[in-house]
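Below, each chain spelled out in residue letters.
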Amino acid sequence: MTVRVDIDGSVALITIDNPPVNVTGLAVRQGLMAALDQVEAAGVARVILTGTGKTFVAGADAREFGVEPLAPHLPEIVARIERFAVPVIAAINGAALGGGLELALGCRMRIAAPQATLGLPEVTLGVVPGAGGTQRLPRLIGIADAVALISEGRVIRAAEALDLGMVDAVEEDPVAAACSLSVEKLTECSAIVDLPAPRADDQAVETARRSAARRLRGQVAPDIAIALVAGSATWPPETGLAEERAAFLKLRSSDQAAALRHVFFTERKAMAQGRDGGAEIDTAVIVGGGTMGAAISYALAQVGVTTALVETDAAGADRAHANVAKLYSEAVSRGKSTPEAADTALAERHSFHVGFEALPEAQIAIEAVFENLDVKRGVFAALDSALSGDAILATNTSYLDPNAIAEGLSNPSRFLGLHFFSPAHLMKLVEVVRAKQTTPDTLATVLRLTARLKKIPVLAGVCDGFIGNRILTRYRQICDVMLIEGALPAQVDAAMRGFGMAMGPYEVQDLSGLDIAYANRKRLGWATKPGHRYIAIADRIVDETGRLGRKTGAGWYDYGDKRTPSALIEEMVVAESVRSGISRRTFSADEIVARATAAMAEEGLRILQEGIADTAADIDLVLVHGYGFPRWRGGPMHSAERQGLPGLLTSIEEFAAEDPLSWSVPDILRRAVAEGLPLADLTRKP
Ligand code: NAI
């Protein structure tokens, strides 16, 4: 039974029992209606609604997201609870999210357990609450708090909910508390729809609009949710509820909702990989305490792993110590830790070492030294003899070949790539790179560790740049082609920001430093690579101007008080067109976006074709989490598919007809189009 009824004298307890998290699927909705029938017939004096386990109700059933849900619908149930002959009390035993909170808002009173969490996170999935949340919450707590919570999709704890007036009490045992409520107290409480309309608050609405425009740029649901909450001040409840339901149903089938659901489910699947199997890791060695090594070591310590950080000399070890200490003091200043806790963690979970001689035993070693093959090989040779034979050995290399790094190891089955993103303690993405001989056991243990770190792991095979940096390289290459044919850096950046990228490709290069990609192009011999259209602009900037981006105060842009397009760079771009005999033409923002996104999808398809990524959805995760691709577009693969793979094929064919060195159609795309296959069917064959 997904919904149980227990009647004890004049009290009926309705318990939603739909593991794991009591979502409001069809069986629960039917069960709730049947339960209400039953308690109505029994003639009880009060009804208590609760959930089993750690949740009250965690929201809608994901399996119904993409399809038309069957009756009874949640709004009807909430309305019935609200108008029920006897008071219904929500005993919120745990998470009450989305439809779960809306059920509770239909109740006459809400009593929450201290560990309960409450929220209407619908906008994060591209929709608005659909069962009265935008109308009842502002009536209960006022426009200002409701509009902030709903437009951000923020989930709060019981104590905060009590402060806001969202719940009437916080009690260790909410069911017992609901049982012992006095009749007077119960009769005092009216249904939320019978409360007076909330007072309009234009300022709070405007603040929410501005904040959504900044934080959720490009997404439509937050603005619609804000308008619905604002409307609650003037609409009669039935109008508001009808407006909300119509908006919800329309958004549910929108491109943005589909994209956000796609990313959400792919994330969940990725994070579930580490749930079973593998060995627990409690001790780690980190080699190199620079930007990456320090942050990785900090992240591990946060989840209770003891780390030993190795540097080459005493000065390096001191620097590493300072780098790690800085992360702790940042946590303290952000209010995430106290000075005492930070000092204790730094003293107890970290040690700093010069060389490999006196290292403690460790179950994993993660290397984050300079991006140089010989240096990395030297590190692994030292680790091989310093640690026991079953310690896992991982490299954080961005571009080097892990198989080459692993050459000479006594046991390459325990070696793999673990490509964190910077800042490694904050970025959730990790590419887990299978080297030639990495065993499933090794992968399982590492996935268990990434789960503990609450990271999103994406499995990748070995190729230059793995999934993310390989697509990034291709994306930049096509942008450079557009530069030489007539676009300018600021125009490309604006177009890509307009599409929804967090930053444009040239701004990003200025931020990360032009030297990294420069070194990589040299290593790969781009200037003379056969079958490759080489655009010299980026190399010439480094060679001739020494502008390496923000760190040198100038790069693709000038940096004075603020960033401005650089006349010097624009002249270089134009001169390069002239030198190559190209007559420059204009590019519209749409054309820039079309080419850049086609290039990303094309490279993604090759990555799929070569078995580097397991699924197209994995590629989307990497681009959304590591490269600022708009989440609400679902990633480059989802976005291309939603627009139509036949269209992508035609575009690439046209681009290739014009510029065969820069473009060609991947076989897998022809096959997908010819056979009408969805990208989800083009998975890697193990
Ligand atoms: P970094 O230059 O900040 O740090 C490297 C550290 O390694 C320095 O502290 C250096 O003293 C130490 N080191 C060098 N040789 C050593 C040796 N033989 N033994 C012990 N320590 C040694 O470099 P960063 O940025 O931390 O990068 C490290 C690795 O992570 C590189 O392979 C890089 O490609 C990769 N990576 C970097 C990302 C970034 O955004 N910075 C992102 C993802 C990967």
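Structure shown above.
Residues numbered from 1 in each chain as written. Predicted model: local features only at pLDDT ≥ 70, side-chain atom pairs only at ≥ 80, totals over all residues. Heavy atoms only, no water.

(A) Local environment of the overall build of the chain. Within the chain, the regular secondary structure consists of 29 helices and 20 strands. The C-alpha atoms of the chain give a radius of gyration of 28 Å, which matches the 26 Å a tight globule of 686 residues would have. Here the chain holds 686 residues, and 56% of them are scored as buried. As displayed, the chain offers around 28400 Å² of accessible surface, 54% of which is attributable to carbon and sulfur atoms. Taking the average place of the 69 positive charges on the side chains of the chain and the average place of its 84 negative ones, the gap between the two points comes to 2 Å. (Helix = DSSP H or I, 4+ residues; strand = E, 2+ residues; numbered from the N terminus. Rg over C-alpha atoms; globule rule 2.2 N^0.38 Å. Buried < 20%, exposed > 50% of the residue type's maximum accessible area, 1.4 Å probe, protein only. Areas by Shrake-Rupley, 256 points an atom, 1.4 Å probe, with all protein chains shown as cover. Lys, Arg positive; Asp, Glu negative; His and termini not counted. Charge placed at Lys NZ, Arg CZ, Asp CG, Glu CD.)

(B) Representation of the side chain of Asp539 within the structure. Mapped onto the elements, Asp539 comes out in helix H23 (residues 537-545). Discounting residues that sit within four places of it in the chain, Asp539 has contacts with Tyr518, Arg521, Lys522 and Tyr534. (Contact = heavy atoms within 4.5 Å.)

(C) The arrangement of the sheet that holds strand S7 (residues 109-112) in detail. Across the sheet, which stays open at both edges, the 6 strands sit in the order S1-S2-S3-S5-S7-S10 with mixed pairing between neighbours. Bordering the open sheet on either side are strand S1 (3-8) and strand S10 (169-170), each of which pairs with just one other strand. One ladder, built from 4 bridges, connects strand S5 (residues 88-92) with S7; its direction is parallel. Within S7, the residue paired with Ile89 across the bridge is Met109. (Pairing = 2+ DSSP bridges.)

(D) Region of interest: the nonpolar core. Core analysis: the largest hydrophobic core is formed by 78 residues, its most contacted members being Ile467, Met496, Trp556, Ile619 and Leu648. Sort the elements by how many residues they give to this core and helix H25 (residues 589-609) lands first, with 10 residues. Ignoring anything within four residues of it in the chain, the contact list for Ile467 reads Glu431, Val458, Leu459, Ala460, Ile607, Ile612, Ala613, Ile619 and Val622. Within the second largest apolar cluster, 67 residues are counted, among which are Val39, Leu103, Ile150 and Phe248. (Core = buried A, V, L, I, M, F, W, Y, C linked by side-chain atoms within 4.5 Å.)

(E) Highlighting the pattern of salt bridges. Scanning all chains against the criterion turns up 42 salt bridges. In this structure, the salt-bridge partner of Lys326 is Glu330, at a minimum N-O distance of 3.6 Å. Here Glu330 and Lys326 lie together in helix H14 (residues 314-333), a separation of 4 residues that amounts to about one turn. A relative accessible area of 52% places Lys326 in the exposed class. With its nearest N and O atoms 2.7 Å apart, the salt bridge here joins Arg470 to Glu603. Of this pair, Arg470 sits in helix H19 (residues 468-485) while Glu603 sits in helix H25, and the two are 133 residues apart along the sequence. With a relative accessible area of 12%, Arg470 lands in the buried category. Through salt bridges with shared partners, a single network forms among Arg470, Arg474, Glu602, Glu603, Arg606 and Glu610. (Salt bridge = Lys/Arg side-chain N within 4 Å of Asp/Glu carboxyl O.)

(F) Representation of the site of the ligand. The full set close to the ligand counts 23 residues, and Met292, Glu311, Glu371, Lys376 and Ser398 are the nearest of them. Between an oxygen atom of the ligand and a side-chain N or O atom of Lys376, the distance comes to 2.6 Å. Within the side chain of Asn396, one N or O atom sits 2.9 Å away from an oxygen atom of the ligand. With the chains in place, 78% of the 830 Å² that the ligand exposes on its own is no longer accessible. When residues of the shell around the ligand are assigned to their parent elements, the largest contribution, 3 residues, is made by helix H16 (residues 373-386). In terms of residue class, the shell around the ligand is built from 9 nonpolar, 10 polar and 4 charged. (Near = heavy atom within 4 Å. Polar contact = N/O pair within 3.5 Å; in protein donor to acceptor, adjacent residues only side chain to side chain. Nonpolar A, V, L, I, M, F, W, Y, C, P; charged D, E, K, R; others polar.)

(G) The arrangement of the side chain of Asn396 in detail. Looking at where Asn396 falls in the secondary structure, it is placed in the loop between strand S15 (392-395) and helix H17 (402-406). Within the structure, Asn396 has its side chain in polar contact with the backbone nitrogen of Phe420 (distance 2.8 Å). Ignoring sequence-local partners within four residues, the contact set of Asn396 consists of Met292, Ile296, Glu367, Ala368, Leu418, His419 and Phe420.

(H) Representation of the pairing of strand S16 (residues 415-420) within the structure. The element S16 is largely enclosed, with a buried count of 6 among its 6 residues. Going residue by residue along S16, you find Phe415, Gly417 and His419 tucked away on one face and Leu416, Leu418 and Phe420 tucked away on the opposite face as well. Looking at chain direction, S15 and S16 are connected through 3 bridges and run parallel. Bridging across to S16, Ala394 finds its partner in Leu416. In the sheet, S16 pairs with strand S17 (residues 429-433) via 4 bridges, with the strands oriented antiparallel. Across the sheet, the residue bridging to His419 is Glu431, located in S17.

(I) Spatial organisation of the packing of aromatic side chains. Following the criterion strictly, the structure yields 7 aromatic pairs and no others. Between the aromatic rings of Tyr298 and Tyr328, the centroid separation amounts to 4.7 Å while the plane-to-plane angle is 80°, which identifies the pairing as edge-to-face. Of this pair, Tyr298 sits in helix H13 (residues 291-302) while Tyr328 sits in helix H14, and the two are 30 residues apart along the sequence. The same class applies to Tyr298 as to Tyr328, namely buried. Relative to Phe415, the ring of Phe380 has its centre 5.2 Å away and its plane inclined at 80°; by these criteria the two rings are edge-to-face. Of this pair, Phe380 sits in helix H16 while Phe415 sits in strand S16, placing them 35 residues apart in sequence. In terms of burial, Phe380 and Phe415 fall into one category: buried. (Phe/Tyr/Trp six-rings, centres within 6.5 Å; stacked < 30°, edge-to-face > 60°.)

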